[in-house]
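Chain by chain, the residues run as shown.
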Amino acid sequence: MEINYPTKLWIGSDSLQRLAELKNERIFVVTDQAMKNLPSFEKVVSMIDSTNDYEIFSEVTPDPPISVLIAGIDAMKTLKPSMILAIGGGSVIDAAKGMNYFGAQTGVTENVTFIAVPTTSGTGSEVTNFSVITDETKGQKYPLVTDEIQPDEAILATDILLSIPPHITADTGMDVLTHVIESYVSTKYNDFSDALCEKVVKLVFTYLPICFENGNNYQAREKMHNASTMAGMAFNTTSLGLNHGLAHSLGGRFHIAHGRLNAILLPKVILYNAGMLSGQEINEDIAYRYSKLASAITKESYNPRMGTKKLVRLIEQLNRKLKIPSRLTDTGLPKEEYLNSENEVAIAALKDGCTATNPVVPTTNDIKQILKEVI
Ligand SMILES: NC(=O)c1ccc[n+]([C@@H]2O[C@H](COP(=O)([O-])OP(=O)(O)OC[C@H]3O[C@@H](n4cnc5c(N)ncnc54)[C@H](O)[C@@H]3O)[C@@H](O)[C@H]2O)c1
Ligand SMILES: [Zn+2]
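Residues numbered from 1 in each chain as written. Chains lettered and ligands numbered in written order. Predicted model: local features only at pLDDT ≥ 70, side-chain atom pairs only at ≥ 80, totals over all residues. Heavy atoms only, no water.

Going by an unreviewed UniProt entry, the chain carries the name Alcohol dehydrogenase and comes from Floricoccus tropicus.

Below is the structure:
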């Protein structure tokens with residue numbers, strides 16, 4: 001197994017100064033419409049020195065579709081960028097990674113330096129070789145996984161996070177938690193990812209409620225941002241699991257926020273993996289891993305069954321605190337439409353690249369059973 005953390009991180013209150021060091025570059029700035037109108041976006045762009053040429057592409061939409069990548073690659077043709085600067089959440093960073101990758105494949109770009117400035121504390125995309133792209137004609141999300149899209153540098157600037165509204169803070173924060181819980185029981189878990197995951201669960205349970213209650217709390221925002229990047233570093237070595245397979249399948253079809261889907265699915269996927277959903281036999285090894293995470297949060301020790309139950313209860317309590325409902329239909333999933341496509345949803349989740357490292361190999365019926373619990 002190879003472990004590689006190649007993205008250079010710039011952290012701390014002066015991290016945006018890194019952009020002021022860039023000279024004589026042709027910078028293709030990628031963002032979305034909402035971000036472009038925020039003072040935090042202006043704050044980042046204002047750091048770019050006047051010796052550089054830059055052009056802003058702000059057409060990225062959530063769950064970025066292939067058409068956005070094509071538009072971005074087209075827009076790069078005149079500037080012929082030497083650098084891509086992605087300023088935004090996971091959708092923006094993933095879209096920019098896709099533009100970089102397919103731009104190189106089609107000869108539009110060459111040897112481009114990729115810098116990510118994440119503006120949500122959620123996906124960890126700034127340090128991963130993952131990009132999740134949606135095929136809008138099939139209603140399916142596909143994780144593109146290749147070292148060629150690993151960002152060269154990531155700038156973790158806390159002051160641009162203070163504008164994130166509470167519901168996006170909640171959804172993206174629960175994505176961080178899902179990343180580490182899936183990484184911790186992935187078939188590829190290792191001592192390095194374990195250390196990151198054990199730290200991140202503590203950070204999320206301590207600081208996410210504070211960020212949700214008071215978005216201007218600088219220290220809590222900084223801690224959640226670190227947690228998000230550390231989670232990305234963990235799952236870049238282990239990949240994820242069924243929770244993400246399901247979130248991709250449902251997200252590509254119904255366009256519900258990625259983190260919110262993860263948050264609602266998480267308690268049931270944990271119980272399923274541990275063999276503790278109705279009618280299953282306990283899987284002691286997996287339940288043991290979950291109980292270690294519960295212990296990392298509460299500093300108490302548990303047997304595998306009690307620890308797994310505790311972890312699930314803690315997540316359900318956190319969801320309630322963050323005003324995340326426990327059912328998908330309460331967050332916009334159209335029930336009839338879902339029931340008509342239940343089989344396709346289950347099959348797409350099974351085929352998703354993230355499901356491959358789930359500790360249990362699920363069947364279509366298992367997936368339907370999990371979904372029945374949260375519809
Ligand atoms: N590449 C990976 O490793 C990885 C991992 C998990 C998820 N993803 C993907 O990332 C996408 C989700 O990314 P996300 O959860 O960051 O959400 P997002 O990028 O879709 O952003 C959600 C909303 O938040 C707004 N926003 C972003 N930053 C803001 C700020 N500072 N202030 C105010 N508003 C702000 C955006 O404009 C947008 O409207 C999904 O497509 C998901 O599949 C990728
Ligand atoms: Zn995720």
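Caption draft 1: Quick look at the overall build of the chain. Secondary structure summary: the chain contains 15 helices and 8 strands in total. Taken over the C-alpha trace, the chain has a radius of gyration of 20 Å; the compact-globule value for 375 residues is 21 Å, and the two agree within 12%. Within the chain, the fraction of its 375 residues that count as buried is 59%. Taking as baseline every contact in the chain between residues at least 6 positions apart, the subset at least 24 positions apart corresponds to 78%. A total accessible area of about 15,400 Å² is found for the chain, and carbon and sulfur atoms account for 49% of it. Seen as two clouds, the 34 positive and the 43 negative side-chain charges of the chain have centres 6 Å apart. (Helix = DSSP H or I, 4+ residues; strand = E, 2+ residues; numbered from the N terminus. Rg over C-alpha atoms; globule rule 2.2 N^0.38 Å. Buried < 20%, exposed > 50% of the residue type's maximum accessible area, 1.4 Å probe, protein only. Contact = heavy atoms within 4.5 Å. Areas by Shrake-Rupley, 256 points an atom, 1.4 Å probe, with all protein chains shown as cover. Lys, Arg positive; Asp, Glu negative; His and termini not counted. Charge placed at Lys NZ, Arg CZ, Asp CG, Glu CD.)

Caption draft 2: Looking closely at the domain arrangement of the chain. In terms of domains, the chain is made up of domain 1 (8–160) and domain 2 (166–374). For domain 1 and domain 2, the distance between their C-alpha centres works out to 26 Å. Listed by partner, the interface residues are 25 residues for domain 1 and 30 residues for domain 2. With both chains or domains summed, domain 1 and domain 2 bury close to 2,200 Å², and 56% of this area falls on carbon and sulfur atoms. The interface formed by domain 1 and domain 2 holds 0 salt bridges in total. Counting every contact that joins domain 1 to domain 2 gives 10 residue pairs in polar contact (both at pLDDT 80 or more). Secondary-structure elements contributing two or more residues to the side of domain 1 that touches domain 2 are strand E6 (130–135) and strand E7 (140–145). For the side of domain 1 that touches domain 2, a count of residues per class yields 8 nonpolar, 13 polar and 4 charged. (Domains from an automatic or database assignment. Buried area = accessible area lost by both parts, 1.4 Å probe. Salt bridge = Lys/Arg side-chain N within 4 Å of Asp/Glu carboxyl O. Polar contact = N/O pair within 3.5 Å; in protein donor to acceptor, adjacent residues only side chain to side chain. Nonpolar A, V, L, I, M, F, W, Y, C, P; charged D, E, K, R; others polar.)

Caption draft 3: How the structure looks around the site of ligand 1. The full set close to ligand 1 counts 28 residues, and Gly90, Ser91, Asp94, Thr119 and Thr120 are the nearest of them. One nitrogen or oxygen atom from the side chain of Asp63 is found 3.3 Å from an oxygen atom belonging to ligand 1. In isolation ligand 1 has 880 Å² of accessible area, and contact with the protein removes 90% of it. Contributions of two or more residues to the shell around ligand 1 are made by helix H2 (33–36), helix H5 (90–105), E6 and helix H6 (166–185). The dominant element in the shell around ligand 1, judged by the number of residues it contributes, is H6, at 4 residues. (Near = heavy atom within 4 Å.)

Caption draft 4: Seen up close, the coordination of the zinc ion (ligand 2). Coordination of the zinc ion (ligand 2) by the protein is provided by Asp175 (OD), His179 (NE2), His244 (NE2) and His258 (NE2), with metal-donor distances spanning 2.1 to 2.2 Å. Along the chain, the residues that donate to the zinc ion (ligand 2) are spaced as D-x3-H-x64-H-x13-H. Here the residue Asp175 occupies a position in helix H6, and His258 occupies one in helix H10 (residues 258–273), the gap between them amounting to 83 residues. Of the two residues, Asp175 and His258, both sit in the buried class. (Donors = N, O, S within 2.8 Å, 3.2 Å for Na, K, Ca; no water.)

Caption draft 5: Molecular detail of the packing of aromatic side chains. Overall, the coordinates contain 3 aromatic pairs when judged by the stated rule. An angle of 80° between the planes, with centres 5.0 Å apart, marks the rings of Tyr101 and Phe102 as edge-to-face. Residue class for Tyr101 comes out buried when judged on its relative accessible area of 16%. The positively charged end of Arg289 is found above the aromatic ring belonging to Tyr184, 4.0 Å away from the centroid. Between Arg289 and the ring centre of Tyr189, over which it is positioned, the NZ or CZ distance is 3.5 Å. (Phe/Tyr/Trp six-rings, centres within 6.5 Å; stacked < 30°, edge-to-face > 60°. Lys NZ or Arg CZ within 6 Å of the ring centre and 35° of its normal.)

Caption draft 6: Seen up close, H5. End to end, H5 covers 22 Å across 16 residues, agreeing with the expected 22 Å (1.5 Å per residue, within 8%). Counted residue by residue, H5 has 12 buried out of 16 residues, so it is predominantly covered. Within two residues after H5, Gly107 carries a phi angle of roughly 80°, on the positive side. (Expected span 1.5 Å × (residues − 1).)

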